[in-house]
Number of protein chains: 2
Amino acid sequence: MAQAQLVAEREASDGALDLQHFFPYRLAVLAEEVSRTVAQLYSDRFDLTRHEWRVLAALGINRRMAAKDIADYSRLDKMSVSRAVAGLEVKGYLDREEDPADRRNKILRLTPAGRALYQKIVPLARARERHILEALTAAERKALDVIMTKLLTQAHGLRERG
Amino acid sequence: MAQAQLVAEREASDGALDLQHFFPYRLAVLAEEVSRTVAQLYSDRFDLTRHEWRVLAALGINRRMAAKDIADYSRLDKMSVSRAVAGLEVKGYLDREEDPADRRNKILRLTPAGRALYQKIVPLARARERHILEALTAAERKALDVIMTKLLTQAHGLRERG
DNA sequence: TATTGTTATACTCTATAACTATA
DNA sequence: TATAGTTATAGAGTATAACAATA
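The following refers to the structure shown. (Residues numbered from 1 in each chain as written. Chains lettered and ligands numbered in written order. Predicted model: local features only at pLDDT ≥ 70, side-chain atom pairs only at ≥ 80, totals over all residues. Heavy atoms only, no water.)

Near DNA strand C, the surroundings consist of 20 residues, among which Lys68(A), Met79(A), Ser82(A), Arg96(A) and Arg50(B) are the closest. For DNA strand C, the fraction of atoms within 4 Å of the protein that belong to sugar or phosphate moieties is 61%. At 3.3 Å from a phosphate oxygen of DNA strand C is found a side-chain nitrogen or oxygen belonging to Arg36(A). Between Arg104(A) and DNA strand C, the recorded distance is 2.8 Å, taken from a side-chain N or O atom to a base oxygen. Residue assignment for the surface near DNA strand C shows that the elements contributing at least two residues are helix 1 (23-45), helix 3 (67-74) and helix 4 (78-90) of chain A together with helix 2 (50-62) of chain B. Broken down by element, the surface near DNA strand C gets its largest block of residues, 4 residues, from helix 4 of chain A. Partitioned by chemical class, the residues of the surface near DNA strand C number 4 nonpolar, 4 polar and 12 charged. (Near = heavy atom within 4 Å. Polar contact = N/O pair within 3.5 Å; in protein donor to acceptor, adjacent residues only side chain to side chain. Helix = DSSP H or I, 4+ residues; strand = E, 2+ residues; numbered from the N terminus. Nonpolar A, V, L, I, M, F, W, Y, C, P; charged D, E, K, R; others polar.)

Listed below in structure tokens is the structure:
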């Protein structure tokens, strides 16, 4: 795998672009690879889609949420949440009840089976996260945290402006 | 957006998992956001798919490649390359010729229109990369380069082992 | 009128496998 | 037999919009 150089040393040459040194490409490849290690759990072993896993994770920590809140929490759009919720309900991991305060809302929560599944997956997911981050020194982990926050803000701003 | 903590301070609590502090999720969100800023160029402005853009980028720098080599270079499978190549050919950005040395190979190269498109996109893509990375200090950029390489190796190893 | 949630539609991406042709 | 490339198919992700029920 080619060692990367970020933008600094080659800003002059705008005429060509080597994907192996192009930050958005490298980031996409890395995120894809990391995602797959987690997907091996929720997808291969527990037969959930990525969206279902995110909804499960949302309800695992928040217990009772409206679909709208899950969408905000998990960065899925409301349509994806609706589909994932339907999927989890069919599999018996989740149920809905009406919100008496606002009958447009469907309050969602995990069934005992859903919570059991969640508690099976979480330690495995955590172990994978831990293992991946063990490639870094403590200082690098700390730096990465700051870096990711900065980059997300910057990229978001850029995209908003088009 | 919640400030993140990476794994260090909370290894004890394996019972719950907050997506906002889960590294694979945060990385996926970041990569997605960065990808979109580049997609605004190749997709919104120049009507290419992500795969077509990768093939264009491959041929922009390597001039003449077999489909197989493009797949290796761009991390697409041969089927995705085949489709992207067909799309670019229809749009007049690419043509193929037979390799006299091995007639199974189709040698691919950009047409003048394809090269012109490439040279329009590249400086814009570079500018976006540069702008995003300007959120970081020089030291952070350097650290990130090392970090990404380490993480990719580690994640790849983990995934291979399942 | 605005919001929550569902359904419809279409396009893209991902994955596996069957197939053709060449080697 | 093995490799390069194409085609088929299905499941999953992404996006926009129309729609129903409720506020």
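What follows continues from the structure just given.
This next bit is on the protein's contact with DNA strand D. Inspection of the region around DNA strand D gives 20 residues, with Arg50(A), Lys68(B), Met79(B), Ser82(B) and Arg96(B) positioned closest. One nitrogen or oxygen atom from the side chain of Arg36(B) is found 3.2 Å from a phosphate oxygen belonging to DNA strand D. Interatomic distance of 2.4 Å between a backbone N/O atom of Lys68(B) and a phosphate oxygen of DNA strand D. Elements supplying a minimum of two residues to the surface near DNA strand D: helix 2 (50-62) of chain A together with helix 1 (23-45), helix 3 (67-74) and helix 4 (78-90) of chain B. The dominant element in the surface near DNA strand D, judged by the number of residues it contributes, is helix 4 of chain B, at 4 residues. When grouped by side-chain class, the residues that make up the surface near DNA strand D number 4 nonpolar, 4 polar and 12 charged.

Turning to helix 3 of chain A, a few remarks are in order. Owing to its 3.6 residues per turn, the α-helix aligns residues three or four sequence positions apart on the same side. Buried residues of helix 3 of chain A: Ile70(A), Ala71(A), Tyr73(A) and Ser74(A), and no others. Buried residues in helix 3 of chain A make contact with helix 2, strand 1 (65-66), helix 4 and strand 3 (106-110) of chain A together with helix 1 of chain B. Looking one or two residues beyond helix 3 of chain A, the residue adopting positive phi is Arg75(A), at roughly 55°. (Buried < 20%, exposed > 50% of the residue type's maximum accessible area, 1.4 Å probe, protein only. Contact = heavy atoms within 4.5 Å.)

Residues and elements named next belong to chain A. One pass over the structure, following the stated rule, counts 26 salt bridges over all chains. Put simply, Asp95 and Arg109 hold a salt bridge, and the shortest N to O gap is 3.3 Å. With a gap of 14 residues between them, Asp95 in strand 2 (residues 94-98) and Arg109 in strand 3 connect regions that are remote in the sequence. Overall, Arg109 belongs to the partly exposed group, its relative accessible area being 35%. (Salt bridge = Lys/Arg side-chain N within 4 Å of Asp/Glu carboxyl O.)

Contacts between chain A and chain B engage 75 residues on the former and 76 residues on the latter. Summed over both sides, the interface between chain A and chain B buries roughly 8,200 Å², with carbon and sulfur atoms accounting for 64% of that surface. At the junction of chain A and chain B, the tally comes to 6 salt bridges. Of the charged contacts, one joins Lys150(A) and Glu140(B) as a salt bridge, the two residues approaching to 3.0 Å between their closest N and O atoms. (Buried area = accessible area lost by both parts, 1.4 Å probe.)

The transformation that overlays chain A on chain B combines an axial shift of 0.0 Å with a rotation of 180°, and the residual RMSD is 0.0 Å. When the rotation and shift are considered jointly, the pair of chain copies conforms to a two-fold rotation axis. Relative to the rotation axis, the C-alpha of Ala31(A) is the closest in chain A, positioned 3.2 Å from it. (Least-squares fit on C-alpha atoms with pLDDT ≥ 70 in both.)

Where helix 5 (residues 112-133) of chain A contacts helix 6 (residues 138-161) of chain B, the axes come no closer than 8 Å and their chain directions differ by 140°. Regarding the angle of helix 5 of chain A to helix 6 of chain B, the classification is oblique. Between helix 5 of chain A and helix 6 of chain B the crossing geometry is right-handed. Contact residues: helix 5 of chain A offers Arg128(A), His131(A), Ile132(A) and Leu133(A), while helix 6 of chain B offers Leu151(B), Gln154(B), Ala155(B), Leu158(B) and Arg161(B). Considering only residue class, the contact of helix 5 of chain A with helix 6 of chain B consists of 5 nonpolar, 2 polar and 2 charged. (Axes fitted to C-alpha atoms, helices over the stretch in contact; angles between N-to-C directions. Parallel < 35°, antiparallel > 145°, perpendicular 65-115°, else oblique. Left-handed = near helix turned anticlockwise from the far one by under 90°.)

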